[in-house]
Amino acid sequence: MSAPVHAALAVLVIVVAECLVVALLAGSGRRRRALGVALFVNLLVESLIVVGDDFGASGRIAGFWLWCVGEMVAYAWLGGLPLLRALFVSLLANLVGWLAMTFSVGVF
Amino acid sequence: MNALLAILLPIVLWGADLSAPPAPDLVPLGYRKIHTEVVLESAGGAPGARYAVEPADGANCAEIRSGMVVAMRYSRPIRIAVVTAGEEIPEQPDEAWWLGHAFVELPIWQEHARPETSPIRRARYTVRLVGADGGAPRYEIDGPVWLDANGEPVDTGAVHGVMLGLAGVGLVGLLAIALRRRAAARAARRQEGVA
């Protein structure tokens, strides 16, 4: 498998896993909107983390700021979730996403 | 928690890029350590010279062979010393042995970590011994070359292209959601005004 395909698949595994968690936790009234935000914000953040990492420490830090703060703010502001719930959803979604990625590493 | 991570993780990651060796277990969630290897390309160097390298074959010290792959370790950098003809090279030399020889420390540290999503699995440096400088070995370093799980070089430009494409889709999608939300809020205000 070529490296770009590998990276794209890896990002998609995380995005799908995180979207599933968001769909479960967002609450019925906000589910559709939060799911849309989860899909796009994760595509943006996870992809930029891979790119940023190749630019040394500052790239990594930018990626992590996006990951930690950007995701939560996006869930709260665009997804319509209360801030605390956004934090909880973001944490759990990331945990499940990274676990999914870790267990699927061998597949790629 | 996320705010705390946002403050702490950059500090940990910044530490990963300093020249001092990073602590081996400081790998953040979602990252994995990657294996770094150093290939000693030519054992020629100065004519007739012998060199010793540590670590070689695990943590031991050994005479340099051309094409030798040296494993990285966290505790200290790779050392290369000039040894005299016929001198035995101890497997685990102490500090006094090193101080009794002209040696250099290669400025290559174990790469800390890569995101789980990165196709990069290994970094390879090539070190060529090109002579001796005041008794100490002189060298040239090429690399790092990033390798995937099969040992093939990773085309980082192509990976960046695909990743930036995905990031672009994400950005456009988020913008679309934000604009829709703004339009909906405006329509609601207008409705309120009419009412």
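Here the structure is a predicted model, which is why all the values come from computation and not from measurement. (Residues numbered from 1 in each chain as written. Chains lettered and ligands numbered in written order. Predicted model: local features only at pLDDT ≥ 70, side-chain atom pairs only at ≥ 80, totals over all residues. Heavy atoms only, no water.)

**A few points about the interface of chain A and chain B**
It is common to give the size of an interface as the accessible area lost on bringing the parts into contact. Facing 43 residues of chain A, the contacting portion of chain B comprises 42 residues. Regarding the contact of chain A and chain B, the summed buried area is about 4,100 Å², with carbon and sulfur atoms giving 73% of it. For chain A, the biggest contributors to the area lost against chain B are Phe40, Arg60 and Phe64 of chain A; these three give 15% of the whole. Summed over the shared surface of chain A and chain B, the result is 2 salt bridges. A salt bridge links arginine 114 of chain B to aspartate 54 of chain A, with the shortest nitrogen-to-oxygen separation between them at 2.2 Å. Summed over the shared surface of chain A and chain B, the result is 5 residue pairs in polar contact (both at pLDDT 80 or more). Mapped onto the side of chain A that touches chain B, the elements with two or more residues apiece are α1 (3–25), α2 (31–53), α3 (56–77) and α4 (83–104) of chain A. (Contact = heavy atoms within 4.5 Å. Buried area = accessible area lost by both parts, 1.4 Å probe. Salt bridge = Lys/Arg side-chain N within 4 Å of Asp/Glu carboxyl O. Polar contact = N/O pair within 3.5 Å; in protein donor to acceptor, adjacent residues only side chain to side chain. Helix = DSSP H or I, 4+ residues; strand = E, 2+ residues; numbered from the N terminus.)

**Structural notes on the nonpolar core**
In terms of nonpolar packing, the biggest core is built from 48 residues, with Val22, Val37, Trp67, Tyr75 and Leu81 of chain A together with Val159 and Met163 of chain B touching the most fellow members. Among all residues touching valine 37 of chain A, those that are not within four sequence positions of it are Asn42, Ala74, Tyr75, Leu78 and Gly79 of chain A together with Leu174 and Ile177 of chain B. Core analysis: the next-biggest nonpolar cluster, separate from the first, contains 19 residues, Ala56, Ala62, Val127 and Leu129 of chain B among them. (Core = buried A, V, L, I, M, F, W, Y, C linked by side-chain atoms within 4.5 Å. Buried < 20%, exposed > 50% of the residue type's maximum accessible area, 1.4 Å probe, protein only.)

**Notes on a nonpolar patch on the surface**
There is a patch of nonpolar side chains on the surface, built from Phe88, Leu92, Leu95, Val96, Leu99 and Phe103 of chain A together with Leu29 of chain B and spanning about 660 Å² of accessible area. If you trace the backbone, phenylalanine 103 of chain A turns up in helix α4. A relative accessible area of 70% places phenylalanine 103 of chain A in the exposed class. (Patch = residues over 30% accessible without salt bridge, like charges linked within 9 Å, V, L, I, M, F, W, Y side chains within 5 Å. Areas by Shrake-Rupley, 256 points an atom, 1.4 Å probe, with all protein chains shown as cover.)

**Observations regarding unusual backbone geometry**
Proline 144 of chain B follows glycine 143 of chain B through a cis peptide bond whose omega is 10°. Its place among the elements puts proline 144 of chain B in strand β10 (residues 136–147).

**A closer look at the confidence of the model for chain B**
Residue and element names in this part refer to chain B. Of the residues in chain B, 78% have a pLDDT of 70 or more, and the chain-wide mean is 81. Within chain B, the element-level pLDDT minimum falls on helix α1 (residues 2–16), averaging 58, and the maximum on helix α3 (residues 156–194), averaging 92. Interface predicted TM-score (ipTM) for the complex: 0.90; the corresponding pTM is 0.76. (pLDDT = per-residue confidence, 0-100.)

**Focus: the packing of α1 of chain A against α4 of chain A**
All names here are of chain A. Their axes nearest at 8 Å, the elements α1 and α4 cross at an angle of 140°. By the angle between their axes, α1 is oblique relative to α4. Note on packing geometry: the crossing formed by α1 with α4 is right-handed. Together, Ala10, Val13, Ile14, Ala17, Glu18, Val21, Val22 and Leu25 of α1 and Arg85, Phe88, Val89, Leu92, Ala93, Asn94, Val96, Gly97, Trp98, Ala100, Met101 and Ser104 of α4 make up the contact between the two elements. Counted by class, the contact of α1 with α4 contains 15 nonpolar, 3 polar and 2 charged residues. (Axes fitted to C-alpha atoms, helices over the stretch in contact; angles between N-to-C directions. Parallel < 35°, antiparallel > 145°, perpendicular 65-115°, else oblique. Left-handed = near helix turned anticlockwise from the far one by under 90°. Nonpolar A, V, L, I, M, F, W, Y, C, P; charged D, E, K, R; others polar.)

**Concerning the sheet that holds strand β6 (residues 79–83) of chain B**
Residues and elements named next belong to chain B. Across the sheet, which stays open at both edges, the 4 strands sit in the order β4-β3-β6-β7 with antiparallel pairing between neighbours. A single partner strand is all that each edge strand has here, and the edge strands are β4 (60–63) and β7 (103–105). When the angles between neighbouring strand axes are averaged without regard to direction, this sheet yields 20°. For β6 and β7, the ladder comprises 3 bridges, and the chain directions are antiparallel. Considered in β7, the bridge of arginine 79 is made with glutamate 105. (Pairing = 2+ DSSP bridges.)

**Focus on the pattern of salt bridges**
Side chains that differ in charge, positive against negative, can pair when their charged atoms come close. Residues and elements named next belong to chain B. Counting across every chain of the model gives 10 salt bridges over all chains. Between glutamate 37 and arginine 122 there is a salt bridge whose closest N-O contact spans 3.2 Å. Pair noted here: glutamate 37 is in strand β2 (residues 35–42) and arginine 122 is in strand β9 (residues 122–133), with a separation of 85 residues, a long-range link. On the basis of relative accessible area, arginine 122 is assigned to the partly exposed category, the value being 22%. Residues glutamate 95 and arginine 79 are paired through a salt bridge, measuring 3.1 Å at the closest nitrogen-oxygen approach.

**A closer look at the packing of aromatic side chains**
The relation between two aromatic rings is expressed through the spacing of the ring centres and the mutual angle of the planes. Residues and elements named next belong to chain B. Applying the stated rule across the entire model yields 2 aromatic pairs over all chains. Seen from their ring centres, tryptophan 97 and tryptophan 98 are 5.1 Å apart, and the 85° between their planes marks the pair as edge-to-face. As far as the burial class goes, tryptophan 97 and tryptophan 98 line up, both buried. By relative accessible area, tryptophan 98 is classed as buried at 0%. (Phe/Tyr/Trp six-rings, centres within 6.5 Å; stacked < 30°, edge-to-face > 60°.)

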